[in-house]
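Okay, here's what each chain looks like letter by letter:
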Amino acid sequence: MTARPPSENPSEPQPQLPANGVPAPAGARRKRDEPPAREGKEAKEAKDAQGAKGAKSDRAGKSAKPEKAARAERAGSADEAGKAAGGSADASKPPKPPKPSKPLKGTGGHIVHPAPPLPEADRHRLLSGAHHDPHSVLGAHPGKGGVVLRALRPYAKGVTVVAKDLRAQLHDDGDGFFSGVLPWRKVPEYSLLVRYGITAEEGADTADEVDEQEVQDPYRFLPTLGDLDLHLVGEGRHEELWNALGARPMVHQGVTGTRFTVWAPNAQGVRISGDFNYWDGTVFPMRSLGSTGVWELFVPGVGEGALYKFDITRPDGTHTLRADPMARRTEVPPSTASIVTESHHVWHDEEWLAHRGDLPVHEAPFSVYELHLASWRPGLTYRQLALQLPSYVKDLGFTHVELMPVAEHPFGGSWGYQVTGFYAPTSRMGTPDDFRFLVDTLHRAGIGVIVDWVPAHFPKDEWALAQFDGRPLYEHSDPSRAEHPDWGTLEFDFGRTEVRNFLVANAVYWCEEFHIDGLRVDAVASMLYLDYSREAGEWTPNERGGRENLDAVAFLQEMNATVYRRCPGVVTIAEESTAWDGVTRPTHLIGPGGFGGLGFGLKWNMGWMHDSLDYVSKEPVHRKYHHSEMTFSMVYAYSENYVLPISHDEVVHGKRSLVSKMPGDWWQQRANHRAYLGYMWAHPGKQLLFMGQEFAQGAEWSESHGPDWWLLDPSYAAEADHRGVRDLVRDLNAVYGRTPALWQRDTVPEGFAWVEGDAGEDNVFAFLRFDAQGTPLLAVSNFSPVVRHQYRIGVPDGVSGWTEVINTDAGRYGGGDVFNMDTLKPEPVPTHGRPASVQLTLPPLATLWLKPV
């Protein structure tokens with residue numbers, strides 16, 4: 001999508017005043033997402049002369065002849081320069097050099113001689129944006145007879161160099177080039193006085209018409225990146241890549257400005273375009289730093305809030321205008337420019353960070369509320385969400401929130417899963433510091449923050465990562481491996497060290513810069529298999545002859561190892577839908593398949609989710625034929641560290657909301673919903689619930705309007721039905737949090753025991769959970785619509801009595817209030833292989849939790 005110029009879109013951030021002596025080109029109304037087609041300097045001068053205010057006829061007569069002569073002398077050069085800047089010039093025809101100038105006199109009687117002619121090749125490459133080392137020809141350099149100074153200032157009428165002991169006008173060499181040999185033995189500190197207005201001799205009637213700006217010369221500064229940074233970038237081992245690449249406001253050699261750096265190894269040249277130069281990058285060509293593929297330029301006077309892109313000259317000589325892959329802030333979509341930014345947020349979550357890793361996550365309570373930030377409360381900013389979200393989540397007792405991808409994405413309907421700004425929180429709801437404020441507020445409320453992270457693929461938008469510098473760069477060079485067959489996106493080339501570095505550093509970036517507590521990694525299965533969604537003949541086996549993507553395996557191992565080493569207390573979670581061995585096994589432990597573990601902390605249990613939802617969606621009379629779908633999860637429950645996810649994917653696109661999946665009338669649907677949540681919270685594994693399902697929303701989720709909060713309006717007739725389900729979720733979390741048996745031994749067999757797993761005819765499941773001291777909790781679910789009286793359940797020895805702590809049929813939740821009133825005393829009646837048992841009343845479509853008295 002092509003964005004409009006700032007002046008044409010009042011909803012976009014307004015451009016800064018001209019910086020660095022770069023005015024708006026005469027008549028310019030160019031789109032900022034297109035490379036500039038620069039008007040020849042002589043043609044512009046002619047227009048300025050014709051339009052001068054109050055110009056007298058005798059003045060016009062005096063100036064017409066020399067202007068016409070100059071135009072005739074330099075017409076060829078200006079024409080070629082204009083074509084080159086627009087990307088349409090014939091590279092085989094360099095511009096003609098200007099006619100030699102006469103010496104000029106500076107202050108103190110110093111003579112400023114013309115500089116030696118700029119080699120035609122350098123001149124052409126600078127104008128066409130294809131010069132790899134502009135600092136070698138621009139700026140000040142010791143030379144014969146003094147210091148040679150050259151400046152490239154398109155559209156300028158004159159350039160004067162200003163130093164402590166000298167003020168001298170440079171010679172106009174045409175096409176925006178100005179030069180001179182200055183009487184210095186060494187290069188001093190200096191600035192440039194750039195004039196764009198007309199002088200009194202040229203027809204100016206007032207001083208306001210003489211536009212002069214004193215600026216620093218970007219080409220007098222040393223590189224802002226050191227050898228260590230470049231070495232780490234080249235090796236693909238820069239774990240703080242965001243501090244080396246992108247736009248960074250800074251003070252360099254005593255001057256305030258912004259350092260721009262970008263990785264574009266295939267580019268002939270790179271220039272910076274922004275609102276500070278009216279989107280004409282001619283004045284700011286960048287230099288290539290050795291063999292790293294990194295281009296760099298320090299631009300004085302540019303600071304926070306500036307809009308920018310990189311004007312890249314491809315290998316074939318054409319131009320492409322690209323957003324910064326490392327941008328830490330972006331415009332609000334559909335605008336696509338990157339924004340110079342720096343964080344000023346002061347964190348107040350020190351206590352949270354100090355203690356979040358006190359317990360390993362698989363041995364700690366972990367109950368997750370998943371939400372889509374943009375639609376949870378549509379229209380709210382990050383800071384407004386911070387006033388509502390933490391209190392809501394804390395009241396319901398969830399330990400964490402999981403935010404669907406917050407990284408910048410152009411299309412809202414992708415929910416954030418087609419990312420273009422991997423280092424920038426979406427600007428739809430505010431600035432990066434506003435997002436930090438939200439995270440900080442959640443931490444102070446005792447709530448951890450997990451974000452969905454999408455390192456598998458990226459969209460093909462022509463202003464983003466796709467063929468970034470004219471050739472496949474972030475994507476694989478083999479089209480059969482680059483194209484994702486399902487989503488119309490491109491897959492990352494995990495075998496390229498710089499690409500792997502880009503992604504590993506990105507994972508660390510979210511954890512360190514935004515204090516994120518966990519990364520849920522999306523679409524891991526699509527990364528692990530070369531034949532994912534591909535038919536025979538559409539993929540090539542790996543070097544071992546298998547279908548595993550060895551590059552992706554190495555990337556995931558490196559990412560997990562790096563995050564766990566650098567960010568104590570952070571957890572990584574894999575959305576992995578296959579039976580890949582060792583997703584949550586440490587990377588150094590080799591499994592039966594010959595691979596080390598991937599190193600994740602947790603894995604989504606997609607099998608449990610599909611099986612259990614299939615079971616509860618059946619009419620109770622048919623459930624006995626699907627009984628094993630509810631018990632099969634315990635066959636593999638300890639193969640990984642699992643999360644039980646009822647996520648957004650299960651309540652969209654015709655799948656119906658959770659309560660709407662349930663059979664029966666409205667009462668039975670809600671009862672099934674509540675019973676299922678009680679079963680889920682008691683089952684081994686952590687739990688995740690998507691927004692809206694906590695109050696039994698009947699409609700599918702839609703990002704266009706979010707949850708149906710009106711269902712909880714007291715004026716709504718069925719409000720109590722929905723509020724009752726939410727009250728149950730609150731109580732489930734409360735009892736869960738104070739009952740270690742439900743979370744302390746989630747990942748070991750000693751934490752679970754079946755009591756009754758074969759009662760398919762009754763639609764009943766009963767099991768025990770144990771904490772580290774052996775203290776049990778008994779969970780019993782009746783997924784039939786009838787009350788079962790005096791239902792005998794075997795229980796462990798040594799417990800004097802049992803009492804209900806959760807009954808999903810309670811009247812306050814909207815149930816029938818069938819419950820076991822008194823303490824249940826065990827009887828010495830052997831049942832289910834145990835020497836003692838209790839008789840229970842099982843409510844219809846309900847789950848009970850019982851604890852020892």
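Residues numbered from 1 in each chain as written. Predicted model: local features only at pLDDT ≥ 70, side-chain atom pairs only at ≥ 80, totals over all residues. Heavy atoms only, no water.

**Here we look at the sheet that holds strand β7 (residues 171-174)**
Strands sit in the order β3-β4-β8-β7 across an open sheet of 4 strands; the sheet is antiparallel. The sheet is open, and its two edges are formed by β3 (139-143) and β7, each paired on a single side. Between one strand and the next, the sheet's axes are offset by a mean angle of 25°, whatever the strand orientation. Where strand β4 (residues 146-152) meets strand β8 (residues 177-182), 6 bridges bridge the pair, whose relative direction is antiparallel. Counterpart to Leu149 in the pairing with β8 is Gly180. Packed on one face of the sheet, helix α3 (residues 120-128) meets β4, β7 and β8 and runs near 135° to β8. (Pairing = 2+ DSSP bridges. Helix = DSSP H or I, 4+ residues; strand = E, 2+ residues; numbered from the N terminus. Axes fitted to C-alpha atoms, helices over the stretch in contact; angles between N-to-C directions. Contact = heavy atoms within 4.5 Å.)

**A few points about the confidence of the model for the protein**
Put simply, the protein has an average pLDDT of 89, and 86% of its residues get 70 or more. Here residues 1-17 scores under 50 on pLDDT; set against residues more than four positions off or in separate chains, the count is 42 contacts. Confidence drops under pLDDT 50 across residues 34-93; counting only partners more than four residues distant or on other chains, this segment forms 84 contacts. (pLDDT = per-residue confidence, 0-100.)

**Overview of the packing of helix α10 (residues 497-513) against helix α12 (residues 550-566)**
One way to put it is that α10 packs onto α12 with a least axis distance of 10 Å and a crossing angle of 30°. The angle between α10 and α12 falls in the class roughly parallel. Of the two elements, α10 crosses α12, and the hand of that crossing is right-handed. The residues of α12 that touch α10, namely those facing Arg500, Leu503, Val504, Ala507, Val508, Cys511 and Glu512, are Phe555, Glu558, Met559, Thr562, Val563 and Arg566. When grouped by side-chain class, the residues that make up the contact of α10 with α12 number 8 nonpolar, 1 polar and 4 charged. (Parallel < 35°, antiparallel > 145°, perpendicular 65-115°, else oblique. Left-handed = near helix turned anticlockwise from the far one by under 90°. Nonpolar A, V, L, I, M, F, W, Y, C, P; charged D, E, K, R; others polar.)

**A few points about empty space enclosed by the protein**
The full count for this structure, using the stated rule, is 7 cavities of 30 Å³ or more. Space inside the largest cavity adds up to approximately 140 Å³. Looking at the largest cavity, it is lined by 15 residues, and the ones nearest its centre are Arg481, Glu491, Leu530, Arg534 and Asn549. Looking at side-chain class alone, the lining of the largest cavity contains 5 nonpolar, 4 polar and 6 charged residues. If you add up the space inside the second largest cavity, you get close to 80 Å³. The leading source of residues in the lining of the second largest cavity is α10, at 3 residues. When the residues that make up the lining of the second largest cavity are grouped by side-chain class, the tally is 7 nonpolar, 1 polar and 1 charged. (1 Å grid on protein atoms, 1.4 Å probe; cavity = no way out; pocket = protein on both sides within 12 Å on 5 of 7 lines; lining within 4 Å. Points joined across faces, edges and corners; volume = space filled by probe spheres on them.)

**Some details on the environment of Gly176**
The topology assignment puts Gly176 in the loop between β7 and β8. You can call Gly176 buried: its relative accessible area is 1%. As for Gly176 and Gly158, which are separated by 18 residues in sequence, their C-alpha atoms are 9.2 Å apart. (Buried < 20%, exposed > 50% of the residue type's maximum accessible area, 1.4 Å probe, protein only.)

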